[in-house]
Amino acid sequence: MIKKVYVRFIGIGIELLERFIFNRRLARSYKKSFKKNLYSNDKIYIVDVGANRGQSTKFFSKVFSNHKIYCFEANPNIIKKLKDKTKNINRKIFCVALGNESKVTSFNICILDAISTLSNPNLKSSYNIFKSRILRTDVRKLYKKINVKMKLLDSYFQENQIEAMDILKIDVEGFEYQVIVGSKLIISSLKPKVIQVEAHHSDQYQNYNPDIEILLNSYGYKLERKISHAFGEFLDLIFVPSQ
């Protein structure tokens, strides 16, 4: 019980830092990219992949008062929290993992749920060892596996469950490349104005592919800016159409 309270305390601290530092930087970027839309109060459609407890969903709802947000979260243990924290937001929630295949797969739930992942954690990485010390737990006990259903984001577009997409935000703890591979059709068809992707330490996950920029270049997108998080070496990459 004491450990759970401590871990949640760490999580709240991270959320507050992100809200007051990173979110302000990110808001400036979006207000610049959507200046005309904000002026005319156009509805902005957002796909939030890796919604967790609704941190990004709440952020987008404040930046864009006229919005519709599609939330995708793989962790079934926090779906109720996601629903509760976003109940006053125009959103639709899908409890499913997104990737480059349709199958049942292993999902690694971290004791700090915001960093749960489909990727295989590298428990020998200096970052994961440091993280285990901060969370006061053995690095081998950071994660536990469960089975979840994985689908392609493209399949939701093909099933007419996503009508438009102005922003695609992806934060899935090292599995971003695979999500983008499974989103080629929806990106090429709906042509979002911004694709926001979180970048990670290269040694944090065993199957991490850092070539996100090359992949999105092939989809017709270019890297416009990098936005630093409130702590660590994490960055969010902001991509826009090349033309």
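These remarks concern the structure in this document. (Residues numbered from 1 in each chain as written. Predicted model: local features only at pLDDT ≥ 70, side-chain atom pairs only at ≥ 80, totals over all residues. Heavy atoms only, no water.)

Some words on the overall build of the chain
Part 1: Across its full length, the chain carries 9 helices and 10 strands.
Part 2: What you see for the chain is a C-alpha radius of gyration of 17 Å, in line with the 18 Å of a compact globule of 243 residues.
Part 3: When its C-alpha atoms are laid out on the principal axes, the chain stretches across 50 × 35 × 30 Å.
Part 4: The proportion of buried residues among the 243 residues of the chain is 51%.
Part 5: Sequence separation of at least 24 residues holds for 69% of the intrachain contacts in the chain that already meet a minimum separation of 6.
Part 6: Put simply, the chain shows about 12300 Å² of open surface, and 52% of that area lies on carbon and sulfur atoms.
Part 7: Across the chain, 41 positive and 23 negative side-chain charges occur, with their mean positions spaced 6 Å apart. (Helix = DSSP H or I, 4+ residues; strand = E, 2+ residues; numbered from the N terminus. Rg over C-alpha atoms; globule rule 2.2 N^0.38 Å. Buried < 20%, exposed > 50% of the residue type's maximum accessible area, 1.4 Å probe, protein only. Contact = heavy atoms within 4.5 Å. Areas by Shrake-Rupley, 256 points an atom, 1.4 Å probe, with all protein chains shown as cover. Lys, Arg positive; Asp, Glu negative; His and termini not counted. Charge placed at Lys NZ, Arg CZ, Asp CG, Glu CD.)

So, unusual backbone geometry
Part 1: Positive phi, close to 60°, is recorded for N41, a residue that is not glycine.
Part 2: The topology assignment puts N41 in the loop between α2 (35-40) and β1 (44-49).

Notes on the state of the cysteines
A disulfide bridge is the covalent bond that connects two cysteines by way of their sulfur atoms.
Part 1: For the structure on display, the rule yields 0 disulfides.
Part 2: Sulfur of C95: no disulfide; nearest cysteine sulfur belongs to C71 and is 12 Å away.
Part 3: Free of any disulfide, C110 has its nearest neighbouring cysteine sulfur in C95, separated by 18 Å.
Part 4: Looking at C110, the relative accessible area reads 3%, which means it is buried. (Disulfide = S-S within 2.5 Å.)

Description of the pairing of strand β3 (residues 91-95)
Part 1: Relative to β3, strand β2 (residues 67-73) is paired through 5 bridges, and the arrangement is parallel. When the sheet's bridge partners are listed, E73 is paired in β3 with C95.
Part 2: Once you follow β2 into helix α4 (residues 79-85) and on to β3, the crossover reads as right-handed. (Pairing = 2+ DSSP bridges. Right-handed = clockwise from strand over helix to strand, strands pointing away.)

A look at the environment of S132
Part 1: The residue S132 is located in helix α5 (residues 126-134) in this model.
Part 2: With 28 residues separating them along the chain, S132 and N160 place their C-alpha atoms 42 Å apart.

Some details on the pattern of salt bridges
Part 1: Enumeration according to the criterion identifies 8 salt bridges in this entry.
Part 2: K169 serves as the salt-bridge partner of D48, at 2.6 Å between the closest nitrogen and oxygen. Of this pair, D48 sits in strand β1 while K169 sits in strand β7 (residues 167-170), and the two are 121 residues apart along the sequence.
Part 3: Looking at D48, the relative accessible area reads 0%, which means it is buried.
Part 4: Judged by relative accessible area, which is 2%, K169 ranks as buried.
Part 5: The closest approach of N and O atoms between K103 and E101, which form a salt bridge, is 3.2 Å. (Salt bridge = Lys/Arg side-chain N within 4 Å of Asp/Glu carboxyl O.)

Description of the packing of aromatic side chains
Part 1: Applying the stated criterion to the full structure yields 9 aromatic pairs.
Part 2: Arranged with centres 5.2 Å apart and planes meeting at 75°, the rings of F34 and F64 form a pair that is edge-to-face. Of this pair, F34 sits in the loop between α1 (2-33) and α2 while F64 sits in the loop between α3 (55-63) and β2, and the two are 30 residues apart along the sequence.
Part 3: Its relative accessible area of 0% is what places F34 among the buried residues.
Part 4: An angle of 10° between the planes, with centres 4.6 Å apart, marks the rings of F72 and F94 as stacked. Of this pair, F72 sits in strand β2 while F94 sits in strand β3; the two residues are 22 residues apart in sequence, bridging distant segments of the chain. A single burial state applies to F72 and to F94, both of which are buried.
Part 5: Site record: aromatic cluster; members linked through ring pairs are Y30, F34, F59, F60 and F64. (Phe/Tyr/Trp six-rings, centres within 6.5 Å; stacked < 30°, edge-to-face > 60°.)

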